[in-house]
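Below, each chain spelled out in residue letters.
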Amino acid sequence: MLRLDDVSVRFGDTVAVDEVSLEVPEGQVLAVLGPSGCGKSTLLRAIAGLEELATGTVRVDGRDLAGVPTHRRGFALMFQDGQLFRHLDVAGNVGYALRLRGVPRSAVAGQVEDLLETVGLPGYGARAVTTLSGGEQQRVALARALAAQPRLLLLDEPLSALDRSLRERLAGDLRGILTGTGTTALLVTHDHDEAFTLADRMAVMLAGRIVQHGPTQEVWTRPVDRQVAEFIGFGTFLEQEPAARVARAAGLPDPGGRTLALRRAALRIDDAGVLGATVRGAAAISDAVRVDLDLDDVGAVEALAGQDVTLRPGDRVRVRADATGITVL
Amino acid sequence: MQYADTHRSRTALLAAGLGLALAVSGCTLMGGNEEPAGNEPNVPENAGETSQTSPKNGEVVLVTHDSFNLPDDVLAGFTEETGYELVVQASGDAGSLTNQLVLTKDSPTGDAVFGIDNTFATRAVDEGVLAAYSPSDLPAGVSEHALPGDGADYLTPVDYGDVCLNVDDAWFAEEGTAPPQTLQDLTDPAYRDLFVTPGASSSSPGLAFLLATIGEFGEDGWQAYWEDLMANGARVTSGWSDAYSVDFTFSGGDRPIVLSYASSPPFTIPEGGDEPTTSALLDTCFRQVEYAGVLEGAANPEGAQALVDYLLTEQVQAAIPDSMYVFPVTDVELPELWARWAQVAPEPIDLDPALIEQHREEWVREWADIATG
Amino acid sequence: MGRHRDRLIPALGVGALALVPLLFLAVFFVLPVGGMLARGLYPDGAWDLSGVGEVLGRARTARVLLFTIGMASLGTVLTVLLGLPLAFVLYRLTFPGRGVLRAVVVMPFVLPTVVVGVMFRALLSSGGPLGLLGWDRHWMAILLAFVFFNLAVVVRTVGGMWEGLDRRAEDAAAALGATPGQVFRTVTLPALAPSLISAATLVFLFCSTAFGVVLTLGGLRYGTIESEIYLLTTEFLDLQGAAVLSLIQLVAVVAMLALAARGRARTEQSVSRARGAARPPRRADWPLLAAAGAVVGFILLPVLTLAWRSLRDGSGWTLDHYRLLADPGASPALRVSILEAVQNSLRTAVDATVLAVVLGLCVAVVVSRRPRASGARRVVSALDGAFMLPLGISAVTVGFGFLITLDRPPLDLRSSAVLVPIAQALVALPLVVRTLTPVLRSVDPRLRQAAAALGAGPLRAAWTAEGPVLGRPLLAATGFAFAVSLGEFGATSFLARPDRPTVPVVIYQLISRPGVDNLGMALAASVLLSLLTVTVMGLVERLRVGSVGTF
């Protein structure tokens, strides 16, 4: 449905977006994942028609959008801090796109109420936007965007400004709403959880270029190179003999000369494990304990432990290797 | 962290800037106060042996209008001769000056005044802002400019100027027509759309011109004259500056007859030429005389009297033409340019100052209805 | 008890902050104006209202009142309309030369009205290059002059706000299908409204009290309240008539300010601010660029005419007028050289600027607070308006008022040199307040509360929350105040001592005397004055102390 070919955006001599080609099929959600400053927001703005392209084309359903101004593209934009119109109340914000199209006042009111219902804020219409919490503001922003019935919804880090629990809950809701309404969406974010939860497909963007592009699960488990792997959460990289040793413990074939990448969850403290290690340090995280280990004949690695064990530097432990957190580059 | 640092340095920069600005301003303000600005005499009494320029008798404050101007050495001469420090306060025109004196009658802002003219003299005298004083031996020629009646006891003439029609002779020569001669000529269709004057309600020469027409055509006849004048295409501007420097043909405008001063033509001698290209019509003049006097309630009346005397000395009188563009009342030698070209109306149009004071508001209002409708 | 004190201390602090500027206003404005009104209506210790009916009944009074308000309203609308595209181009776009243009826009603000009057007339008079328009001594000329002088107010006040506005709200609206026009109307304009109203208020006050330029350009046909008061006070000494007109002026100004305050209160909102919201021009910007270019051209036309004429004498091109600027004996009309006058001007302007900015900052901080109690809110709003009043009251009333009220110790200041910067600060203060207040009010109060919750004292909290966004507007206000004091003529000519005249005073003296050289020097001095302003404003722009940033 949306298709980018060799899209570049330049600011003076800086190339912010470098020959990006992407595709988003109808009804799917694509996440462009990248660190701050990689050019993903610029890419989003370029798709919206807010930045001029240096090269390339943006097509929707095969039609080139060059020369089509933002307001005729039929998209909607949602930012991390909502960017609600502060001089309007909640209903005013949500009904904005409808009023632009000259929908009669009475019809607007009904649709606004429906949309607020959809995003979980029934009866909020008369509230001033400044009285809303961050999560509520994002829900209103979502309702405002959905009201336009956009061909394509563009989301710029929609959940990043929220606290963790709210983010997780809203991510689930958002995913439900997007699939429920069949909305095609493009999301840019630096947060892989956000991308993982919301998107069907994922593109990893580094320094202006798309370095990997595919179904979320595939990118998640099979990063193409070490840079991508590091960015999506692989913290340990092993080669040669140590790599072979861990692969064997996880029941995987010998990687040969290639690099083995491990997420933290790939190694677990488990008395039944086949690997031996010395604890260097430990720290509790939300639902587990993160452990720095010196794995015998391998070296420094990260691992997870259950919250019930107490670990001190110097303790000897057994470690189990789990194939799901391991990939060969 | 980086942000915090830039934030702090920015704060420091702002603070430093503000501090610097305060320091600078403190300096300038203090600098202002060091000079004799206040009313307190900052002069030591035992100044007998110090140099001549050092004042020994305190200060005299002269209140005047914003056209007052004399060379620094002439002003310093007053201190040398009398030992008084001279402080000048200037604001507004003659009318504004007079009204200011009336308003501050109970606590005058100075000791002496210069610049009340014959159109406002009666108000100043009647309102009692002046103390009686007249220099004991008036130089020759001064008394012919004196106010009629009691006024002469309070105000001493210092200078005078004639407000007259000026014509651009070069323009008339080119057109091959004769320039007008009298006020009445201005209503002649031959001079249609050729005259510009500043207004009587906004300009002091403008008021002088109105008074000239009242003197010429009488208290009941001037209105008809002005109606004819306006019907003949006279243009009224707000000030002398724009009438002379925008509308007058000499300055590139389209009006060859302008209201100005008898002393204006010498300033129109072209570069390389030796003769003005404009001239004043001496039968159309109203004479403005400027007076000096001692203020009632002055803190330093002796000093004020000395100042009035000083304004009639040859030093001041000789400097008046070049500094203030008017004629001295005494018989001093005029600067060369003036001696050669500047003219004086032999018989300026006369109007009693008391009559002016009595009717000014009424006349100006009537005039405004006719001329600016 | 402790909790009670916690709440009391910030309130007291804010009150104390208001005290200094209030005292300033009371002594240098309320007292003198009250004194003049009392002289007119309560002479000799008894009410005398005998002439009131007569003044009100005059046909001229009604005509003058209508003309004043009508012209000021028209002037305000036109200035705002022409100022908006220019503010957009100068504050939302980046391009080389922007800093210079921003400074150029302020030039007219300091040009002496008498010189501009003469230049406009030279352009528009029947013999002039634009004589065909037939606008000489026509109200159109007055209107153009209003725009010419006041564009800077709109461009800088609105531009300061616009510059920090987050572009993404507009982007979101555009993506939702709003055309550029709809985006401007439904998103940008509401966000700009408070600063727009601020600017319009100032422009209206400047227009309604304009004096010299109205008389020069309109001829005497068009009297305004201001020129009537001047005439009654300085020529006729009709203090009662002047007092009645001053009261009408006061009532009109207060009504207008109340209206503006209501408008501001309705439109004010906290605004999210972003750094680097400006972008390079695009193709779609051309209509606005063209409009802005035309407006700049309109500003430059009289300025360039002036510069051109300053370089001419009877025979051709010359630099003589500029050479004479340094020569104290150049014109017998002057006691000091123009360069000395420049020094006087600069020193006075620094004093006035510091005074205006310090006081203005205090006022802006106080009036940007939004107390919960409605009574306190009304006090704050009244305070806000009070500091605008000096712009709406005749300079001659204030000037004469100084003379009759500041005449005894400890306030015997009539002959003191400090009155000049004080009078200038009185004029610059409203500009400072109006530049800073909209920005301060747009800061989300939760930021300040957040800082307070982290243990910051009231001042520290205010500084943490508001300091960062204040940098630029403070600079703008400083530059503005400086320009105002450099160009101020009305009050200065009334109070400046003849041995220390400022540049506008000197220019006025030169232009009031015959002689081609005097006019040439007046023009050269005007060019110098505007170059000085451009330089100062350019430096201020260059400082870039702090950007408007989010946390």
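Counting starts from 1 at the beginning of each chain's written sequence and moves along it residue by residue. Chain letters start at A and ligand numbers start at 1, both assigned in the order the entries are written. Where totals are concerned, whole chains, interfaces and linings use all residues; where local detail is concerned, this predicted model gives features only for residues with pLDDT of at least 70, and gives and counts side-chain atom pairs only at 80 or more.

Draft legend 1. Local environment of the overall build of chain A. Across its full length, chain A carries ten helices and 18 strands. Dimensions along the principal axes, computed over C-alpha positions, put chain A at roughly 70 × 45 × 35 Å. Between the buried cut of 20 or more and the exposed cut of 12 or fewer other C-beta atoms within 10 Å of a residue's own C-beta lies the partly exposed class, and all C-beta atoms are placed from the backbone. Burial statistics for chain A: of 329 residues in total, 46% are counted as buried. Sequence separation of at least 24 residues holds for 65% of the intrachain contacts in chain A that already meet a minimum separation of 6. Runs of H or I in DSSP of at least four residues are treated as helices and runs of E of at least two as strands, each being numbered from the N terminus. A pair of residues counts as a contact when their C-beta atoms, built from backbone coordinates, are separated by no more than 7 Å.

Draft legend 2. Summary view of the overall build of chain B. Within chain B, the regular secondary structure consists of twelve helices and ten strands. In chain B, which comprises 373 residues, the share counted as buried stands at 51%.

Draft legend 3. Layout of the domain arrangement of chain A. Residues and elements named next belong to chain A. Where a domain begins and ends is set by an automatic assignment or by a domain database. Domain annotation of chain A identifies domain 1 (2–231) and domain 2 (236–328). One C-alpha centre belongs to domain 1, the other to domain 2; they are set 37 Å apart. Between domain 1 and domain 2, the contact holds five residues from the first and four residues from the second.

Draft legend 4. Quick look at the pairing of strand β8 (residues 185–189) of chain A. Residue and element names in this part refer to chain A. Judged by how many residues are buried, β8 sits mostly within the fold: five of five residues are covered. Here strand β3 (residues 29–33) runs beside β8; their pairing, made up of five bridges, is parallel. Residue pairing in the sheet places Leu-33 in a bridge with Thr-189 of β8. Note on pairing: two strands pair once DSSP finds at least 2 bridges between them. In this sheet, β8 lies alongside strand β7 (residues 152–156) in parallel orientation, the contact comprising four bridges. Each bridged residue has a counterpart across the sheet, and for Leu-154 the counterpart in β8 is Leu-186. With strands facing away from the observer, any crossover in which the path from the first strand over the helix to the second runs clockwise is taken as right-handed. Read as a crossover between parallel neighbours, the route from β7 over helix α6 (residues 164–181) to β8 is right-handed.

Draft legend 5. How the structure looks around the interface of chain C and chain B. Counting from both sides, the interface comprises 56 residues of chain C and, opposite them, 62 residues of chain B. Its residues assigned to classes, the side of chain C that touches chain B shows 25 nonpolar, 18 polar and 13 charged. Three categories are distinguished: nonpolar for Ala, Val, Leu, Ile, Met, Phe, Trp, Tyr, Cys and Pro, charged for Asp, Glu, Lys and Arg, and polar for the others, with Gly belonging to the last.

Draft legend 6. Highlighting the domain arrangement of chain B. All names here are of chain B. Structurally, chain B comprises domain 1 (59–160 + 289–328) and domain 2 (162–287 + 347–371). Using only C-alpha atoms to locate each centre, domain 1 and domain 2 end up separated by 28 Å. With 15 residues of domain 1 in contact, the opposing surface of domain 2 contributes eleven residues. Put simply, the parts of the chain that give the side of domain 1 that touches domain 2 at least two residues each are α3 (94–103) and α4 (121–126). With three residues, the top contributor of residues to the side of domain 1 that touches domain 2 is α4. For the side of domain 1 that touches domain 2, the per-class residue count stands at eight nonpolar, five polar and two charged.

Draft legend 7. Up close: the interface of chain A and chain C. Each side of the interface is counted separately: chain A has 21 residues, and chain C has 20 residues. Where the side of chain A that touches chain C is concerned, the elements lending two or more residues are β6 (75–78) and α3 (96–100) of chain A.

Draft legend 8. Up close: the environment of Gly-83 of chain B. Positionally, Gly-83 of chain B belongs in the loop between α2 (72–82) and β2 (85–90). For the pair Gly-83 of chain B and Gly-303 of chain B, spaced 220 residues apart in sequence, the C-alpha to C-alpha distance is 9.1 Å.

Draft legend 9. Local environment of the sheet that holds strand β12 (residues 260–262) of chain A. Residues and elements named next belong to chain A. Taken together, three strands build an open sheet; the order of strands is β11-β12-β18 and the sheet is antiparallel. Looking along the sheet, the strands with just one partner apiece sit at the ends: β11 (236–238) and β18 (326–328). Geometrically, the sheet is characterised by an average inter-axis angle of 25 degrees between neighbouring strands, direction not taken into account. The axes are straight lines fitted to the C-alpha atoms, using for helices just the contacting stretch, and the angles between their N-to-C directions are given from 0 to 180°.

Draft legend 10. Local environment of α2 of chain B. Residues and elements named next belong to chain B. Within the sequence span of α2, burial applies to Leu-75, Phe-78, Thr-79 and Thr-82. One side of α2 carries all its buried residues, which in axial view fall inside an arc of 100 degrees. Contacts from the buried residues of α2 go to β2 and α9 (301–311). Trailing α2 by a residue or two, Gly-83 shows a phi angle of about 80 degrees, which is positive. Note: the arc covers the axis-to-C-beta directions of the helix.

Draft legend 11. Just the packing of helix α5 (residues 113–124) of chain C against helix α6 (residues 139–163) of chain C, in detail. All names here are of chain C. Contact geometry for α5 and α6: axes closest at 11 Å, N-to-C directions at 130 degrees. Judged by the angle between their axes, α5 and α6 are oblique. Crossing of α5 against α6: the hand is right-handed. Only Ala-141, Ala-145 and Phe-148 of α6 make contact with α5, whose side of the interface consists of Val-116, Phe-120 and Leu-124. Among the residues making up the contact of α5 with α6, the classes are represented as six nonpolar, no polar and no charged. The cut-offs work like this: below 35 degrees is roughly parallel, past 145 is roughly antiparallel, 65 to 115 is roughly perpendicular, and the gaps in between are oblique. If you view the pair so one helix is near and one far, a crossing is left-handed when the near helix is turned anticlockwise from the far one by less than a right angle, and right-handed when it is turned clockwise.

Draft legend 12. Inspection of the confidence of the model for chain B at higher detail. All names here are of chain B. Think of pLDDT as the predictor's per-residue confidence, scored from 0 to 100. Here chain B averages 83 in pLDDT, and 84% of its residues register 70 or above. The least confident element of chain B, judged by mean pLDDT, is helix α1 (residues 2–34) at 42; the most confident is helix α7 (residues 222–231) at 96. Here residues 1–55 is a poorly scored stretch, pLDDT under 50, and it has 51 contacts once near neighbours within four places are set aside; other chains count. In the model output, the complex is listed with pTM 0.82 alongside ipTM 0.81.

Draft legend 13. View of the environment of Arg-408 of chain C. With respect to the helices and strands, the residue Arg-408 of chain C is situated in the loop between α17 (395–405) and α18 (419–441). On a C-alpha basis, the gap between Arg-408 of chain C and Leu-339 of chain C in space is 35 Å, while along the polypeptide they are 69 residues apart.

Draft legend 14. View of the sheet that holds strand β5 (residues 63–64) of chain A. Residues and elements named next belong to chain A. Strand order in the open sheet formed by four strands is β2-β1-β4-β5, with antiparallel pairing between adjacent strands. Every other strand in the sheet has two partners, leaving β2 (14–24) and β5 as the edge strands with one partner each. Strand direction decides the pairing type here: strand β4 (residues 55–60) and β5, joined by two bridges, are antiparallel. Paired with Arg-59 across the strands is Asp-64, a residue of β5. Contacting β1 (2–11), β2 and β4, helix α1 (residues 40–48) crosses the sheet at an angle of about 65 degrees to β2.

Draft legend 15. Looking closely at α6 of chain A. Residues and elements named next belong to chain A. The span you would expect from a helix comes to 1.5 Å times its residue count less one. The end-to-end C-alpha distance of α6 is 25 Å, a good match for the 26 Å that 18 residues give at a rise of 1.5 Å each. Among all positions of α6, only Arg-167, Leu-170, Ala-171, Leu-174 and Leu-178 are buried. Along the long axis of α6, the arc covered by the buried residues comes to 115 degrees, so they all point the same way. For α6, exposure combined with an orientation more than 90 degrees from the buried face picks out Ser-165, Gly-172, Gly-176 and Gly-180. Positive phi appears at Gly-182, one or two residues downstream of α6, with a value of about 65 degrees.

Draft legend 16. Fine view of the packing of helix α11 (residues 239–267) of chain C against helix α15 (residues 374–386) of chain C. Residue and element names in this part refer to chain C. Contact geometry for α11 and α15: axes closest at 10 Å, N-to-C directions at 125 degrees. Here α15 runs oblique to α11, going by the angle between their axes. Once α11 is placed against α15, the crossing between them reads as right-handed. Residues Leu-257, Ala-258 and Ala-261 of α11 pack against Ser-381, Asp-384 and Gly-385 of α15. Partitioned by chemical class, the residues of the contact of α11 with α15 number three nonpolar, two polar and one charged.

Draft legend 17. Highlighting the pairing of strand β9 (residues 201–206) of chain A. Residue and element names in this part refer to chain A. Counting buried positions along β9 yields five of six residues, so the element is predominantly enclosed. In terms of strand pairing, β3 meets β9 through four bridges, oriented parallel. Looking across to β9, one finds that Ala-31 is bridged to Met-202. Bridge count for β9 against strand β10 (residues 209–215) is six bridges, and the pairing is antiparallel.

Draft legend 18. Quick look at unusual backbone geometry. Unlike most non-glycine residues, Asp-297 of chain A shows phi in positive territory, near 60 degrees. Note on placement: Asp-297 of chain A falls in the loop between β15 (288–295) and β16 (299–305). Of note in the backbone geometry, Tyr-325 of chain B takes a positive phi value of approximately 60 degrees without being a glycine.

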